[in-house]
Amino acid sequence: MATDGATPAGSKSKLLVFDSKEDLAVSLAKYTAELSQKFAAERGAFTAVLSGGSLIDSLRFFDVSPTPHRSRFFWVSPGFTDHVEICWFHSKLTEPPYLESVDWSKWHVFWVDERVVPKDHEDSNYKLAFDGFLSKVPIPPGQVYAINDALSAEGAADDYEACLKQLVKNGVIAMSTATGFPRFDLQLLGMGPDGHIASLFPGHPLVNEKERWVTYIKDSPKPPPERITFTFPVINSSAYIAMVVTGAGKAGPVQKALSDKKTSSDLLPIEMAVLQDGEFTWFTDKPAVSLLQNK
Ligand SMILES: O=C(O)[C@H](O)[C@@H](O)[C@H](O)[C@H](O)COP(=O)(O)O
């Protein structure tokens, strides 16, 4: 059966490897819907954080099928491999049954990073998520927290941080008693081929930010250059992280992140994503884990 992987900070870590992007998307929809139900019942709100990039495709990717879909995935941890076959309805978050069964009124949506461009610009992560996901589900518009696109990068980061602080005060966002930073229920993240997450890039001083909740970058190596981003203390205070990584182009950083041998001097941002008290799940495909030993 399934097994948990390494637990570096006492938190849980799991690696899921899927046969196809469709299978990954089916599982991600089920995982997200279950967490939404759990937090809506426990706290009366579900705080979900999105990234840009290919993640949104994973929330909307495949076709609807009326018949159950047989999906295989693999749980992998050092020295252990198991294959599990499961039947799921071939469904995504924006289709039945989730469209009706998820309590969308409890959702509050945030971005782990955003490009400093107008909301209707092709580069906007808000636009990407709106077109592919948010426009298809009935989340109250007042609970979708886009950046203020009239501000500079610095101003937008300050404004977003102030918004988060207000929502912590109102009890919409939980606080981590362990870290003193906001504790989002679920962060749905992607990783770039260089091992970056959010807009925290390898070798950039922002990876060391310890005080701010939200900060800004004006020299992002991935275009466009101006962005705002959550900091590591906020990412690492999450209750759950789903790290969605597919494709052979990302196999190098995946191998490095999951390797037992770590040297603190050259950590990639993905290796710095270590939950203090939460569950970190990798949603991957076979090409992304092709450099791992025990797959
Ligand atoms: O604004 C962005 O560029 C993203 O939020 C970024 O952090 C993204 O998640 C990764 O770069 C992975 O992107 P891909 O999945 O497209 O490689």
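What you see is a predicted model, and the numbers here were worked out from it, not measured in a lab. (Residues numbered from 1 in each chain as written. Predicted model: local features only at pLDDT ≥ 70, side-chain atom pairs only at ≥ 80, totals over all residues. Heavy atoms only, no water.)

**Regarding the overall build of the chain**
Of regular secondary structure, the chain possesses eight helices and 13 strands. In the chain, the share of contacts with a sequence separation of at least 24, taken over all contacts with a separation of at least 6, comes to 74%. A total accessible area of about 12600 Å² is found for the chain, and carbon and sulfur atoms account for 52% of it. (Helix = DSSP H or I, 4+ residues; strand = E, 2+ residues; numbered from the N terminus. Contact = heavy atoms within 4.5 Å. Areas by Shrake-Rupley, 256 points an atom, 1.4 Å probe, with all protein chains shown as cover.)

**What about the UniProt feature "domain: Glucosamine/galactosamine-6-phosphate isomerase" (unreviewed entry) in the chain?**
Here, UniProt's "domain: Glucosamine/galactosamine-6-phosphate isomerase" (unreviewed entry) annotation points to residues 96-282. Secondary structure content for residues 96-282 is 24% helix and 19% strand, and the end C-alpha separation is 25 Å. (UniProt positions renumbered as here; feature names shortened; annotations may be inferred.)

**Quick look at the site of the ligand**
Taken together, 15 residues lie near the ligand, and Ser54, Asp113, His196, Ala198 and Lys250 sit nearest. One of the backbone N or O atoms of Ala198 is found 2.7 Å from an oxygen atom in the ligand. At a separation of 2.6 Å, an oxygen atom of the ligand approaches a polar side-chain atom of Lys250. Notes on the ligand: free accessible area 420 Å², of which the protein chains cover 92%. (Near = heavy atom within 4 Å. Polar contact = N/O pair within 3.5 Å; in protein donor to acceptor, adjacent residues only side chain to side chain.)

**Some words on the side chain of Ser176**
Relative to the helices and strands, Ser176 is located in the loop between strand 7 (174-175) and strand 8 (182-183). Other than its neighbours up to four places away in sequence, Ser176 contacts Phe181, Pro182, Arg183 and Ser237.

**Notes on the confidence of the model for the chain**
Per-residue pLDDT for the chain averages 88, and the proportion of residues at 70 or more is 85%. Here residues 61-68 is a poorly scored stretch, pLDDT under 50, and it has 18 contacts once near neighbours within four places are set aside; other chains count. Note that pLDDT drops below 50 for residues 78-89; the model gives that stretch 41 contacts with residues more than four away or on any other chain. The complex model carries a pTM of 0.90, and its ipTM stands at 0.96. (pLDDT = per-residue confidence, 0-100.)

**What about the nonpolar core?**
Formed by 85 residues in total, the largest nonpolar core has its most connected members in Leu50, Trp107, Phe110, Tyr160, Phe230 and Met243. Ignoring any residue separated from it by four or fewer positions in sequence, one finds Trp107 in contact with Thr32, Ser36, Phe46, Ala48, Leu93, Val102, Phe133, Ile139 and Gln143. (Core = buried A, V, L, I, M, F, W, Y, C linked by side-chain atoms within 4.5 Å. Buried < 20%, exposed > 50% of the residue type's maximum accessible area, 1.4 Å probe, protein only.)

**Quick notes on the pattern of salt bridges**
Side chains carrying opposite charge are able to pair once their charged atoms draw close together. By the definition in use, this model includes 16 salt bridges. Between Lys165 and Glu161 there is a salt bridge; the shortest N-O distance is 3.3 Å. Note that Lys165 and Glu161 are positioned in helix 5 (residues 153-169) at a spacing of four residues, about one turn of the helix. Relative accessible area serves as the criterion here: at 39%, Lys165 is assigned to the partly exposed category. On the basis of relative accessibility, which here comes to 10%, the residue Glu161 falls in the buried class. (Salt bridge = Lys/Arg side-chain N within 4 Å of Asp/Glu carboxyl O.)

**Description of the environment of Thr231**
In this structure, Thr231 sits in the loop between strand 11 (227-230) and helix 6 (232-235). If near-sequence neighbours (up to four positions away) are discounted, Thr231 is found in contact with Leu200, Glu209, Arg212, Trp213, Val214 and Thr215. In this structure the side chain of Thr231 is engaged in a polar contact, spanning 2.7 Å, whose partner is the backbone oxygen of Arg212.

**Notes on the sheet that holds strand 10 (residues 214-217)**
If you trace the three strands from one edge of the open sheet to the other, you get 6-11-10, paired in antiparallel fashion. The open sheet terminates on both sides in strands that have one partner only, identified here as strand 6 (113-115) and strand 10. This sheet shows a mean twist of 20° between the axes of neighbouring strands, independent of strand direction. Sheet analysis places strand 6 next to strand 11, joined by three bridges and oriented antiparallel. Its bridge partner lying in strand 11, Arg115 is registered against Arg227. (Pairing = 2+ DSSP bridges. Axes fitted to C-alpha atoms, helices over the stretch in contact; angles between N-to-C directions.)

**Here we look at the pairing of strand 9 (residues 186-190)**
With five of five residues buried, strand 9 lies mostly within the body of the structure. Going residue by residue along strand 9, you find Leu186, Leu188 and Gly190 tucked away on one face and Gln187 and Leu189 tucked away on the opposite face as well. Judged from the three bridges that link them, strand 2 (residues 46-50) and strand 9 form a sheet pairing that is parallel. Directly across from Val49, in strand 9, lies its bridge partner Gln187. For strand 9 and strand 12 (residues 240-245), the ladder comprises five bridges, and the chain directions are parallel. Bridged to Leu188 within strand 12 is Ala242.

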